[in-house]
Amino acid sequence: MLISCELKIIQKIVMDNNELWQSVLAQMQFHISKANFATWFQNTEIISRDGEKIIISVPNAFSREWLGNKYNKLILKTLHDIDDKIKDLEFVIKPQSQKTANEKISATDNEKEETEQLKFDEFKINKDTNLNPRYTFDNFVVGSFNELAHAAALAVSENPGFTYNPLFIYGGTGLGKTHLIQSIGNKIADGPKKKKVRYISSEKFVSNIVASIRSGTIESFKSNLGSIDVLIIDDVQFLAGKNKTQEEFFHAFNSLYERNKQIVLSSDRPPNAIPELEDRLRSRFEGGMIADVSLPDYETRLVILKNKLQEKNLELPEDVLDYIATNVKKNIRELEGALNKLLISHKTTNNVPDVEMAKKLLKGFVFSPFDVANYKKIIETVSKFYNLEEKNLFDPTRRKEIVKPRQIAMFLLRRELKYSFPAIARKFGGKDHTTAIYAYKKILQESEENNKLTEELSLIKQRIYSG
Ligand code: ADP
Ligand code: MG
């Protein structure tokens, strides 16, 4: 009551833009949480008034998207309550450093600013398909490290349901799996055939199934799934141990598969290395095409950097690009991160970064195996890989699910860190060091004979050295 009473009084007074905005802010605080208020309304102001329209400046594209999507109506209503001539509003981006009072920003400046901001992808996601339109084949760089996966993905997008079904793409983090499987979806969804495409992460898939079981809507969830032409599920390693979800997924999979609907899956490892995955599901995953993505070489890293620059219409000196491509080897996400870091520095300091600058700025990105492999990392990575708790590795048990990971941990401590056998034995509860020797020899020999183990070791090593 008090509020609306105050409003009426304020209304009578002719306010300047600043006063107007202050009273809007005062109102907003009644409607949203403190944290949200601080996040989204800090550094905002009314910069001009164009008849019925109020122009509000915000510090970046993030704020603009959020305010525009979430609070547009509320802000407009509050403004209108204060001054009923106000019928419209617009947000423009104005970084702090460039602020001058009541300066109006032209549309082109505004657009430029926006493209320079880091993109807030969430808002660009297609609501029907759940795909992010930025992932396309056109901006996906192909090299020997991913050419099989790329060729398979392209083939699937050209003839969904009939080429490889399912298509299973696997590889380490940040190597382009999501980009590639979403490119398939985007290409099909944009195609002439009006196919119904749906992308979903495994975590979301699991939580949707759990929620629909709980609310008794699992049948409609299933029939919804059944109506899809192309189902893309990201990071299926997260289905490990989720029995109920696996069961539902198995039926959904069969129902789609039998009707020649395309299924595309990604994972951080091949199907046979996903722990606690039902055999029948594993064999479905293995029933189509399996392709991996691995690490790009120097030349490809350079091409990726140049492509990203071209997309943004920006340039960096050749020797700086060479420095990044030579040193940032962990994955493509890091490569992008390193590039962005330099571009942001370029923008904020107005100096083109040279190699010295790049060295300073990219310390955290530069790959050095000796920094990252250590005892803790090995134990952590091995137990995580096999879905165990770290302490399980030290259990004095003969259970197969524990013995093998324990032997692998011992093997890696020896192989990667050159631990002595007695030192390894001490770490594992003071066992006789012949146990450590035995473990080392066994894993060494088996990995020479068994492709699956070799592959697991290589995936584990990749993670040890990339985290
Ligand atoms: P993953 O799903 O394997 O963890 P992403 O698909 O999320 O990896 O890729 C990480 C980032 O690297 C994304 O921004 C993606 O666009 C970019 N990227 C990955 N592979 C390529 C590629 N071959 N060409 C261009 N950009 C790529
Ligand atoms: Mg991904």
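Definitions and cut-offs
Residues numbered from 1 in each chain as written. Chains lettered and ligands numbered in written order. Predicted model: local features only at pLDDT ≥ 70, side-chain atom pairs only at ≥ 80, totals over all residues. Heavy atoms only, no water. 1 Å grid on protein atoms, 1.4 Å probe; cavity = no way out; pocket = protein on both sides within 12 Å on 5 of 7 lines; lining within 4 Å. Points joined across faces, edges and corners; volume = space filled by probe spheres on them. Helix = DSSP H or I, 4+ residues; strand = E, 2+ residues; numbered from the N terminus. Pairing = 2+ DSSP bridges. Axes fitted to C-alpha atoms, helices over the stretch in contact; angles between N-to-C directions. Phe/Tyr/Trp six-rings, centres within 6.5 Å; stacked < 30°, edge-to-face > 60°. Buried < 20%, exposed > 50% of the residue type's maximum accessible area, 1.4 Å probe, protein only. Near = heavy atom within 4 Å. Areas by Shrake-Rupley, 256 points an atom, 1.4 Å probe, with all protein chains shown as cover. Nonpolar A, V, L, I, M, F, W, Y, C, P; charged D, E, K, R; others polar. pLDDT = per-residue confidence, 0-100. Contact = heavy atoms within 4.5 Å.

**Q** Explain the layout of surface pockets to me, please; I cannot follow it from the model alone.
**A** Gaps left between atoms are located by rolling a probe of water-molecule size over the structure's atoms. Quantified by volume, the second largest pocket comes out at close to 540 Å³. Breaking the lining of the second largest pocket down by element, the ones donating at least two residues are α11 (279-285), α18 (400-417), α20 (433-449) and α21 (451-466). The leading source of residues in the lining of the second largest pocket is α18, at 6 residues.

**Q** I'm lost on the sheet that holds strand β2 (residues 53-58) in this one. Help?
**A** Two pairing modes exist for strands in a sheet, parallel and antiparallel, and in both the strands are linked by backbone hydrogen bonds. An order of β1-β2-β3 is seen for the 3 strands of this open sheet, with the pairing classed as mixed. On the outer flanks of this sheet lie β1 (45-50) and β3 (88-93), each paired with one strand and no other. When strand polarity is set aside, the average angle formed by the axes of neighbouring strands in this sheet is 25°. Pairing of β2 with β3, which is carried by 6 bridges, proceeds in the parallel orientation. Note that in β3 the partner of Ile-55 across the bridge is Glu-90.

**Q** What is the right way to look at the packing of aromatic side chains in this model?
**A** Two descriptors summarise a pair of aromatic rings, namely the distance from one centre to the other and the angle between the planes of the rings. Per the stated rule, a full pass over the model turns up 13 aromatic pairs. Ring centres 5.8 Å apart and planes at 45° place the aromatic pair Phe-41 and Tyr-71 in the tilted group. With Phe-41 in helix α3 (residues 34-41) and Tyr-71 in helix α4 (residues 61-82), this pair connects stretches of sequence that are 30 residues apart. Judged by relative accessible area, Phe-41 falls into the buried class, the value being 4%.

**Q** Would you take a moment to explain the site of ligand 1 for this structure?
**A** Around ligand 1, a shell composed of 18 residues is seen, among which Val-141, Gly-174, Thr-178, His-179 and Glu-336 lie nearest. Coverage of ligand 1 by the protein amounts to 96% of the 560 Å² it exposes when considered alone. For the shell around ligand 1, the elements supplying multiple residues, two or more each, are α7 (177-190) and α14 (332-349). For the shell around ligand 1, a count of residues per class yields 5 nonpolar, 8 polar and 5 charged.

**Q** Honestly, the sheet that holds strand β5 (residues 197-201) in this entry has me stumped. Any pointers?
**A** Ordered by their spatial adjacency, 5 strands build an open sheet running β5-β6-β7-β4-β8, and the pairing between neighbours is parallel. If you trace the sheet from one side to the other, it starts and ends with β5 and β8 (289-292), each paired once. Sheet twist, expressed as the mean angle between neighbouring strand axes with direction ignored, is 15°. As paired strands, strand β6 (residues 230-234) and strand β7 (residues 262-267) are joined by 4 bridges and run parallel to one another.

**Q** What's the story with the confidence of the model for the protein chain in this structure? I'm lost.
**A** In low-pLDDT regions, the fine details of the predicted coordinates are not to be read closely. On average, the protein chain scores 85 in pLDDT, and the residues at 70 or more come to 87%. Contacts of residues 1-13 to residues separated by more than four positions or lying in other chains number 9 contacts, the stretch itself having pLDDT below 50. Within the model, pLDDT remains below 50 along residues 98-120, and this stretch shows 39 contacts once partners closer than five positions in the same chain are excluded.

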